[in-house]
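One-letter residues, chain by chain:
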Amino acid sequence: PLEDGDSARWRGQQVNGEVGGSPQLGGTGEPSLPGMPEPDDSRTEVMGEGWGPGPALGAGDVAHRGAPQRAGQREEALMAELSELVQKVVKSSGWWERHGVDISILACSFLLLPAGFLCLRSSQAIPFLVGVLTLGVAHHTLTVKGSHLASHNALTESKSWGKVWAIFFIELCSAFTAEQGIYNHVKIHHGYTNVIGLGDSSTWKVPFLNRYVYMFIAPLAVPIITPLVALDLLRNVEWKAALRTLCCMFLGLYCHYWLLLHISGFQSPWSALLCMLLTRSLLAHPYIHVNIFQHIGLPMFTADRKPKRIHLMSLGVLNLPRNALLDWSFGHSLISCHVEHHLFPSLSDNMCLKIKPIVSQYLKQKKLPYNEDTYASRLRLFLQRYEELMVHAPPITELVGIQ
C-alpha cells in the first residue's frame, strides 16, 4: 500500500517522477512542516464498513487494538486502487488531452488581447463594453487558470519549463510572488486541506467586514490587494527571487497601463488606471466565492486528528456545477472537478474532467463522500451563516465512529 498522502508512488519502476513515460500523479502528498505534529492515526477510531457512527474503542479493549491500523491500511489501499484506475486513463491519453487543450485555451486568451485593446478605442458603448469584457475574461484566464496550472506544473512535463511558466503566469500576469504562491497553495493548502491553522482557507476570511460588503463589494479591491500582499510576502524569499518578482510585477502592470494609453487611446493616466481596475476585477466576485464555497463549511480537522488522504479530500472538498464562463476562465479543476484536482493535483484541467466519472463512481461505490452543490445554493448558505462560517472559528470534526 502507498504511504499516507503519497498517492503518486506507483507500483513498478519510477524514474524522475515518471512511470512508463506517464506524468506522476498526486503531486503534493502531505509535507512535513517544521514544528508541526505528525498525524496520529492510532487515535482515529473506526467501525467496520460504511460511514455510520459507532462506539469508541475503550483503552482496555485489547481485541480491537489493531482496528485503527487495519483501517489505515484499508484507506491506503483505497487510494492506491483509485490511483491505478486514474493512471490507466492518463497512460491512454495523448499530449493533446494531457496538456494541449489547456495550452490552447491560454493561447486563445493571448490572441484575444489585441482585439480587446483595439475595441477600447471606440467611443461607442457596445464596442467599448466588448473590449472590457474581452480583456477581463482574457486576464482572468491567464491569471487564474494559467497561474493555477503553472503552480502545479500541469502545463508541461518538464520541471525547467514549469518554473518558467510559473514565473510568467504568477508574477508577470498576476502580480504575485511565485515562490510564496506555490508554497502556500501547493504545500500548505493541498498538503493540509481543511486542517485548522494550515490549509483551512482562513486566508480568505476578513472578519471585520459584514456579509454583504465581503461578498459583493470587497472583491472589487482584489487587483489592488494582490500586489500589496505579494510585496509583504517578499520578506520571506531570497533577495534574488524578490528582485526578480519586483521586476516581473512592475513589467506586467506597466505593460497593461502603457497599452491602454498608446493602443486603446486613453487620454489621462487616471482613466487608464480605472480601466485596469475594471478589467482586472471583472470576475473577482466568482473568484472570491469559488475559493470559499468549495472548502469552508465542510468538515475541519486538527493536524493530529485528521483522516488519511482519500478521506480528507472527499470530506473537505466540494464540486460546483459546470459553467461555460468559469470553466474557460478558471478551469475545470477549480469549478466542477475540484475533488478530482485535490486527489490528483498534478493533472491538467482537461484531464481532471476526463477522470471525473471514474473518481465520482469510485467514491460513491466505496461509500465515501462526493460533495456537490450549486453556486446559488452555496451563496445562500454563506449569506445565511456568514458569522458562523467566516467570522467565528470553525468547529472541529470528530473522527470517532467515522471510517
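Residues numbered from 1 in each chain as written. Predicted model: local features only at pLDDT ≥ 70, side-chain atom pairs only at ≥ 80, totals over all residues. Heavy atoms only, no water.

Asks: How should the overall build of the protein be read in this particular structure?
Replies: Helices and strands together make up the secondary structure of the protein, namely 16 helices and four strands. In the protein, buried positions account for 50% of the 403 residues. Sequence-distant contacts, at least 24 apart, represent 73% of the contacts inside the protein between residues at least 6 apart. Surface accessibility of the protein: about 18900 Å² in total, with carbon and sulfur atoms responsible for 63%. (Helix = DSSP H or I, 4+ residues; strand = E, 2+ residues; numbered from the N terminus. Buried < 20%, exposed > 50% of the residue type's maximum accessible area, 1.4 Å probe, protein only. Contact = heavy atoms within 4.5 Å. Areas by Shrake-Rupley, 256 points an atom, 1.4 Å probe, with all protein chains shown as cover.)

Asks: Explain the environment of Pro219 to me, please; I cannot follow it from the model alone.
Replies: With respect to the helices, strands and loops of the structure, Pro219 is situated in the loop between helix H6 (211–217) and helix H7 (222–233). Residues Pro219 and Ile288, 69 residues apart in the sequence, show an inter-C-alpha distance of 6.7 Å. With residues up to four places along the chain from it excluded, the contact list for Pro219 reads Val213, Tyr214, Ser281, Ala284, His285 and Ile288.

Asks: Sorry, what's going on with a nonpolar patch on the surface here?
Replies: Together, Ile224, Ile225, Leu228, Val229, Leu231 and Leu246 make up an exposed nonpolar region whose accessible area comes to about 510 Å². Top contributing element to the nonpolar patch by residue count: H7, with five residues. With respect to the helices and strands, the residue Leu231 is situated in helix H7. (Patch = residues over 30% accessible without salt bridge, like charges linked within 9 Å, V, L, I, M, F, W, Y side chains within 5 Å. Salt bridge = Lys/Arg side-chain N within 4 Å of Asp/Glu carboxyl O.)

Asks: Hey, could you run me through the confidence of the model for the protein in this one?
Replies: Summarising the model, the protein shows a mean pLDDT of 85, and 81% of its residues fall at 70 or more. Predicted confidence is poor over residues 1–24, with pLDDT under 50, and the contacts of this stretch with residues over four places away or in other chains come to 55 contacts. Taken as a whole, residues 26–64 scores under 50 in pLDDT and shows 87 contacts with residues more than four places along the chain or in a different chain. (pLDDT = per-residue confidence, 0-100.)

Asks: Is there a simple way to explain the UniProt feature "transmembrane region" (unreviewed entry) in the protein in this structure?
Replies: When the UniProt feature table is mapped onto this chain, "transmembrane region" (unreviewed entry) is found at residues 212–234 and 241–259. Helix makes up 78% of residues 212–234 and strand 0%. Its end C-alpha atoms lie 32 Å apart. Along residues 241–259, the helical share is 100% and the strand share 0%, with 27 Å between the first and last C-alpha atoms. (UniProt positions renumbered as here; feature names shortened; annotations may be inferred.)

Asks: Explain the environment of Leu149 here, please?
Replies: Mapped onto the secondary structure, Leu149 falls in helix H3 (residues 125–151). With sequence-adjacent residues up to four places away left out, Leu149 is seen in contact with Asp102, Ala154, Leu155, Ser348 and Asp349.

Asks: I would appreciate a short explanation of the side chain of Asp349 in the present structure.
Replies: If you trace the backbone, Asp349 turns up in helix H14 (residues 349–365). A relative accessible area of 1% places Asp349 in the buried class. Of the polar contacts made by the side chain of Asp349, one reaches the side chain of Ser333; its length is 2.4 Å. Apart from residues no more than four positions distant in its own chain, Asp349 is found in contact with Asp102, Lys145, Leu149, Phe330, Gly331, His332 and Ser333. (Polar contact = N/O pair within 3.5 Å; in protein donor to acceptor, adjacent residues only side chain to side chain.)

Asks: Where do I start with the nonpolar core in this structure?
Replies: In a soluble, globular protein the nonpolar side chains are often hidden away together inside. Ile310, Leu343, Phe344, Val359 and Leu363 are the most contacted members of the largest nonpolar core, which has 25 residues in total. Counting 16 residues, the second-largest nonpolar core is a separate cluster that includes Leu149, Ala154, Ala178 and Leu233. (Core = buried A, V, L, I, M, F, W, Y, C linked by side-chain atoms within 4.5 Å.)

Asks: Explain the packing of aromatic side chains here, please?
Replies: Here the distance between the centres and the angle between the planes together describe a pair of aromatic rings. Under the counting rule described, the total for this entry stands at 13 aromatic pairs. Both rings, one in Phe110 and one in Phe168, keep their centres 5.7 Å apart while their planes meet at 40°; by these two values the pair is tilted. In this pair, Phe110 sits in helix H2 (residues 95–119) while Phe168 sits in helix H4 (residues 159–173), placing the two residues 58 residues apart along the sequence. Its relative accessible area of 31% is what places Phe110 among the partly exposed residues. The partly exposed category is assigned to Phe168, whose relative accessible area is 24%. (Phe/Tyr/Trp six-rings, centres within 6.5 Å; stacked < 30°, edge-to-face > 60°.)

Asks: Would you explain the packing of H4 against helix H5 (residues 178–190) in this entry?
Replies: When two helices pack together, their arrangement is given by the angle between the helix axes and by the axis-to-axis distance. Viewed as axis vectors pointing N to C, H4 and H5 meet at an angle of 95°, and their least axial separation amounts to 9 Å. What the angle tells us is that H4 and H5 run roughly perpendicular. Where H4 abuts H5, its residues Ala166, Ile170 and Glu171 lie against Ala178, Glu179 and Ile182. Tallied by class, the residues present in the contact of H4 with H5 amount to four nonpolar, no polar and two charged. (Axes fitted to C-alpha atoms, helices over the stretch in contact; angles between N-to-C directions. Parallel < 35°, antiparallel > 145°, perpendicular 65-115°, else oblique. Nonpolar A, V, L, I, M, F, W, Y, C, P; charged D, E, K, R; others polar.)

Asks: Is there a simple way to explain the side chain of Arg280 in this structure?
Replies: Positionally, Arg280 belongs in helix H9 (residues 269–280). At 13 Å, Glu171 is the nearest oppositely charged side chain to Arg280, a buried residue that forms no salt bridge. Residues in contact with Arg280, not counting those within four places in the same chain, are His139, His140, Cys173, Pro223, Gly252, Leu253 and His256. (Lys, Arg positive; Asp, Glu negative; His and termini not counted.)

Asks: I would appreciate a short explanation of the pattern of salt bridges in the present structure.
Replies: Enumeration according to the criterion identifies 11 salt bridges in this entry. A salt bridge links Arg244 to Glu171, with the nearest nitrogen and oxygen atoms 2.6 Å apart. Highlighted residues: Arg244 in helix H8 (residues 239–262) and Glu171 in helix H4, separated in sequence by 73 residues. For Glu372, the salt bridge goes to Lys356, with nearest N and O atoms at 4.0 Å. Taken together, the residues Glu372 in strand E4 (residues 371–372) and Lys356 in helix H14 connect sequence positions 16 residues apart. One salt-bridge network, held together by shared partners, links Asp102, Lys145 and Asp349.

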